[in-house]
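Observations on the three-dimensional arrangement
Residue-level listing of the chains:
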Amino acid sequence: MSKKIVKAFAPGAISSLFEICSTNPDGAEITDLRYMGARGGGFGLQLGVHTKVTLEDASENLVNVTINSRSATEEAKVTRDVAQTLLSKTAKKYAVHVEHQIDVPIGMGFGTSAGGALTTGLALKEALNLPLTFNQIGEVAHLAEIRLQTGLGTVSSLTAGGGLILVTEPGAPSICKIDRIPISPKYGIVAGFYNTTLSKNVLSSKQHKNAINSYGKEALAKILEDPCLETFLSNCWLFAQKTKFASDRVCELVNLALQAGAVGATQNMLGEAVHAIVLKENTSKVVEAFKQVLPEEHVIKCEVDFQGVRLIGNKEETI
């Protein structure tokens, strides 16, 4: 009997603005979930989700998931859904153990759900030797996120590589349209966060959804008129304020970052968290500014990821 072990990595994916795309131009609800998603944009981080998938023969399919060495049930529902979908594509039965090690905050707008889903799909596809393309794996993860209401468009952005990514048309990876604003590796990211999670219920209000979409469409149009880092950040921050996502504490963090020399700063969507883009030589100044109001463990500094989701190793053991 053999055991297969495959590892994958997904960058943290910060969403800086979004527009919910759940209806057709005539206002009717989209029924084909492959076409549902979001327009928007954000950054890939070199910190993110490290996933190890262990596959063994079994008498029936079994999926076990841990997050940071703890057994996960509800918080791993998307990972579990992806694993079960891929297992259904083969006649043999397997026990699958998925271990996520996540080095960014969970539930704070760092894309951990999408990262977990996509790395699970990529690693399990490799372990099962399934005939699937990268976009087909991405579609499985995208559909799981939409069905389980844990995300809208982050999976597609993760499949597109890294850097500063723009999703200009929504949908699963083979359907959406992705663009990028080229940025230099001379920039780093400093993020600060509070221990509060913004309720996703805000998205269920039709009035608020209409406001989000109106301001999101306006912001993306202005960014595409002048696609540069500064324009992106300033319009994302206007979006956060106009939609009333930005709390007083978020405003304080953005102001501290700008005063410390950040190129720009805005809010994570959705989280009471802020990401600042900083020339690497100014990183320590922004870190110290955030530490005026946050404990050290709530401040993250990292580099921008330019590669996207990838396999990082696999092996087969005889047991």
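Structural data are supplied above this passage.
This section reports on the structure supplied with the text.

Rules used throughout
- Residues numbered from 1 in each chain as written.
- Predicted model: local features only at pLDDT ≥ 70, side-chain atom pairs only at ≥ 80, totals over all residues.
- Heavy atoms only, no water.
- Pairing = 2+ DSSP bridges.
- Helix = DSSP H or I, 4+ residues; strand = E, 2+ residues; numbered from the N terminus.
- Axes fitted to C-alpha atoms, helices over the stretch in contact; angles between N-to-C directions.
- Phe/Tyr/Trp six-rings, centres within 6.5 Å; stacked < 30°, edge-to-face > 60°.
- Buried < 20%, exposed > 50% of the residue type's maximum accessible area, 1.4 Å probe, protein only.
- Core = buried A, V, L, I, M, F, W, Y, C linked by side-chain atoms within 4.5 Å.
- Contact = heavy atoms within 4.5 Å.
- Arc of directions from axis to C-beta.
- Salt bridge = Lys/Arg side-chain N within 4 Å of Asp/Glu carboxyl O.

Describing the sheet that holds strand 8 (residues 187–193)
Read from one edge of the open sheet, four strands run 9-10-8-11, paired in antiparallel fashion. Looking along the sheet, the strands with just one partner apiece sit at the ends: strand 9 (264–267) and strand 11 (299–303). For this sheet the average axis-to-axis angle between neighbouring strands, irrespective of direction, equals 20°. The sheet contact formed by strand 9 and strand 10 (residues 273–279) spans four bridges and is antiparallel.

Concerning the packing of aromatic side chains
If you walk through the whole model with that rule in mind, you get four aromatic pairs. The interplanar angle of 85° and the centroid separation of 5.6 Å between the aromatic rings of F43 and F232 together place this pair among those described as edge-to-face. Note that F43 is positioned in strand 2 (residues 37–57) and F232 in helix 6 (residues 229–242), a separation of 189 residues in sequence. We classify F43 as buried; its relative accessible area is 2%. One aromatic cluster is present, built from ring pairs that chain together F18, F239 and F245.

Some points on the nonpolar core
Counting residues in each nonpolar core, the largest one holds 94 residues, and the members touching the most others are F43, F232, V286 and F290. If we skip the residues at most four places from it in the chain, F232 touches S16, L17, G41, G42, F43, L164, L166, I181 and I223.

Some details on helix 8 (residues 283–290)
Along helix 8, the residues that are buried comprise T283, V286, V287, A289 and F290. Each buried residue of helix 8 lies within a common arc of 160° when the element is viewed along its axis, so the set occupies one face. Looking at the packing, one finds that the buried side of helix 8 touches strand 8, helix 7 (248–259), strand 10 and strand 11.

Quick notes on the pattern of salt bridges
If you walk through the whole model with that rule in mind, you get twelve salt bridges. Between E303 and K280 there is a salt bridge, and its shortest N-O distance comes to 3.4 Å. Within this pair, whereas E303 is found in strand 11, its partner K280 is found in the loop between strand 10 and helix 8, the two being separated by 23 residues in sequence. On the basis of relative accessible area, E303 is assigned to the partly exposed category, the value being 39%. A cluster of three or more residues bridged by salt bridges with shared partners is formed by E19, R39, E169 and K217.

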